[in-house]
Amino acid sequence: MRLTEKQIIILEALARFKYLTSHQLQIIFTSKSTSSINTAIRSLKGFKYPLVKSLRFGITPWYGKLPHIHFLTSAGIKVLVEQLSIPLHKIYAPTHRNSFFQRDYFHRISTITFNILFQRWLKNQGHQLYFFKSYFNRPKHENGNKSETSIGYWDYKSEPDGIGLYFVNTQPHLFLFEQHNGVDAKRAIGQIIHHCYGLANGAASEQFKLNKPVKIYYVFEHESCLKAALNHFKNDKWLMQFKNHFYFKSNQSMLTNFADNWQTPGSKNAAHFCSPQ
């Protein structure tokens, strides 16, 4: 089976991120439009055994028509393994149709967009990715089908939206990621407090065997909610003990400039994504 370069990039991207819209593929290709991407998607669906399929979610009153979600089929996985020599354990693909729900649509898409921008920044900087785990990936375990982001240490349990580990030179950097949609700042603060308990007992560091502080990146759908959560944080003496671990940004700011302008509770100056603690 002969594939074009664009088709190969699409298959590899789906293997890495599991689900992608055409707009997210546009970000990956740094393309001006989705026209050629949609043409390539249609061709991947046109094989006798389609390599890609798409989920359709219809229309919502507040947004309109939701973009289709593309994913790998079993035939697509086979091509990646046999023709492109990608190990099976490095390929993400849904195991059944109902693994993506409309009520989780925007949250999941935003989480994937963060991962795309994070990995693009990583590549541009020449840093090494060890892993990025997402809450919606649920590998089989002996004790059940739990998220790959599950953190458990003694009686502390957490399930962040993402967990990333990368290396700058030989230095590891472990972080947690949370995507906060909606305008409920109290919900965000409650989650932040829970993360602080995890920081206090070193839950994530212990789970991944790293004797190093963990950073927690929060991306907010709404700037107003970000400001409310940040103001609450700054005025809470107990929370301010953990001020050096938290970094805040809005969705729009992240799309404009991923690496810079992260807001922190402990400083008036904007922070870089990889700023030292």
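Note that the structure is predicted; figures quoted are calculated from it, not measured.

Observations concerning the overall build of the chain
1) Next: When its secondary structure is counted, the chain shows nine helices and 15 strands.
2) Next: Whereas a compact globule of 277 residues would reach a radius of gyration of roughly 19 Å, the chain reaches 19 Å, a difference of no more than 12%.
3) Next: On the principal axes, the C-alpha backbone points of the chain span a range of 60 × 40 × 35 Å.
4) Next: Put simply, the chain has 34 plus and 16 minus side-chain charges, and the middle of one group is 7 Å from the middle of the other.

Some words on the pairing of strand β10 (residues 162–168)
1) Next: The buried fraction of β10 is high, at six of seven residues.
2) Next: The pairing of strand β5 (residues 128–134) with β10 spans six bridges and is classified as antiparallel. From the neighbouring strand, L129 faces β10, where its bridge partner is Y166.
3) Next: Sheet analysis places β10 next to strand β11 (residues 171–180), joined by seven bridges and oriented antiparallel. Within β11, the residue paired with V168 across the bridge is Q171.

Examining helix α8 (residues 223–234)
1) Next: Here α8 contains 12 residues, and its C-alpha end-to-end distance of 16 Å stays within 8% of the 16 Å for a straight helix at 1.5 Å per residue.
2) Next: Next to the buried residues of α8 lie β11, α6 (185–201), β12 (215–220), β13 (246–250) and β14 (262–264).

Remarks on the side chain of Q7
1) Next: Its place among the elements puts Q7 in helix α1 (residues 5–17).
2) Next: Reaching out from Q7, the side chain makes a polar contact with the side chain of S43 at a distance of 2.6 Å.
3) Next: What Q7 contacts, discounting residues up to four positions off in sequence, is R2, A40, S43 and L44.

Topic: the environment of F258
1) Next: Examined against the element boundaries, F258 turns out to sit in the loop between α9 (251–256) and β14.
2) Next: Separated by 138 residues in sequence, F258 and R120 place their C-alpha atoms 9.5 Å apart.
3) Next: In this structure, F258 is in contact with F114, L117, F118, W121, K249, S253 and F273, ignoring residues within four places of it in sequence.

Examining the nonpolar core
1) Next: Judged by nonpolar contacts, the single largest core of 58 residues is most densely connected at F114, F118 and F273.
2) Next: The greatest single-element share of this core, amounting to nine residues, is contributed by helix α5 (residues 105–125).
3) Next: Not counting chain neighbours up to four residues away, the residues in contact with F114 comprise F132, F175, F177, V219, M254, F258, W262 and F273.
4) Next: One finds A203, F208, A229 and F233 within the second-largest nonpolar core, a separate group that totals 30 residues.

Structural notes on the packing of aromatic side chains
1) Next: Counting across every chain of the model gives 41 aromatic pairs.
2) Next: Ring centres 6.1 Å apart and planes at 70 degrees place the aromatic pair F114 and F175 in the edge-to-face group. Of this pair, F114 sits in helix α5 while F175 is found in strand β11, placing the two residues 61 residues apart along the sequence.
3) Next: Its relative accessible area of 1% is what places F175 among the buried residues.
4) Next: Here K6 stacks its cationic end above the ring of F29, 4.3 Å away from the centre of that ring.
5) Next: Sitting over the ring of W262, K249 keeps its end group 5.6 Å from the ring centre.

A word on the confidence of the model for the chain
1) Next: Here the chain averages 93 in pLDDT, and 96% of its residues register 70 or above.
2) Next: Looking over the chain, one finds the lowest element-wise mean pLDDT in strand β7 (residues 144–145), namely 64, and the highest in β12, namely 98.

As for the packing of helix α2 (residues 22–29) against α5
1) Next: Interaxial distance between α2 and α5 falls to 10 Å at its minimum, and their mutual angle equals 10 degrees. Classed by the angle they form, the pair α2 and α5 counts as roughly parallel. Packed against α2, whose contacting residues are Q24, I27 and I28, the element α5 presents I109, I112, T113, I116, L117 and R120 at the interface.

Considerations on the pattern of salt bridges
1) Next: Inspection of every chain in the model, using the stated rule, returns three salt bridges.
2) Next: Here E159 and R138 are joined by a salt bridge, their closest N and O atoms 3.2 Å apart. With E159 in the loop between β9 (156–158) and β10 and R138 in the loop between β5 and β6 (140–141), the pair connects residues that are 21 residues apart, well separated along the chain.
3) Next: A salt bridge links E206 to K209, with the shortest nitrogen-to-oxygen separation between them at 3.6 Å.
4) Next: Among the residues examined, E206 registers a relative accessible area of 36% and is labelled partly exposed.

Some thoughts on unusual backbone geometry
1) Next: The backbone phi angle of K18 is positive, close to 80 degrees, even though this residue is not glycine.
2) Next: Tracing the backbone shows K18 in the loop between α1 and α2.
3) Next: A residue is classified by how much of its surface remains accessible, and K18, at 8% relative accessible area, is buried.

Basis of the calculations
- Residues numbered from 1 in each chain as written.
- Predicted model: local features only at pLDDT ≥ 70, side-chain atom pairs only at ≥ 80, totals over all residues.
- Heavy atoms only, no water.
- Helix = DSSP H or I, 4+ residues; strand = E, 2+ residues; numbered from the N terminus.
- Rg over C-alpha atoms; globule rule 2.2 N^0.38 Å.
- Lys, Arg positive; Asp, Glu negative; His and termini not counted.
- Charge placed at Lys NZ, Arg CZ, Asp CG, Glu CD.
- Buried < 20%, exposed > 50% of the residue type's maximum accessible area, 1.4 Å probe, protein only.
- Pairing = 2+ DSSP bridges.
- Expected span 1.5 Å × (residues − 1).
- Contact = heavy atoms within 4.5 Å.
- Polar contact = N/O pair within 3.5 Å; in protein donor to acceptor, adjacent residues only side chain to side chain.
- Core = buried A, V, L, I, M, F, W, Y, C linked by side-chain atoms within 4.5 Å.
- Phe/Tyr/Trp six-rings, centres within 6.5 Å; stacked < 30°, edge-to-face > 60°.
- Lys NZ or Arg CZ within 6 Å of the ring centre and 35° of its normal.
- pLDDT = per-residue confidence, 0-100.
- Axes fitted to C-alpha atoms, helices over the stretch in contact; angles between N-to-C directions.
- Parallel < 35°, antiparallel > 145°, perpendicular 65-115°, else oblique.
- Salt bridge = Lys/Arg side-chain N within 4 Å of Asp/Glu carboxyl O.

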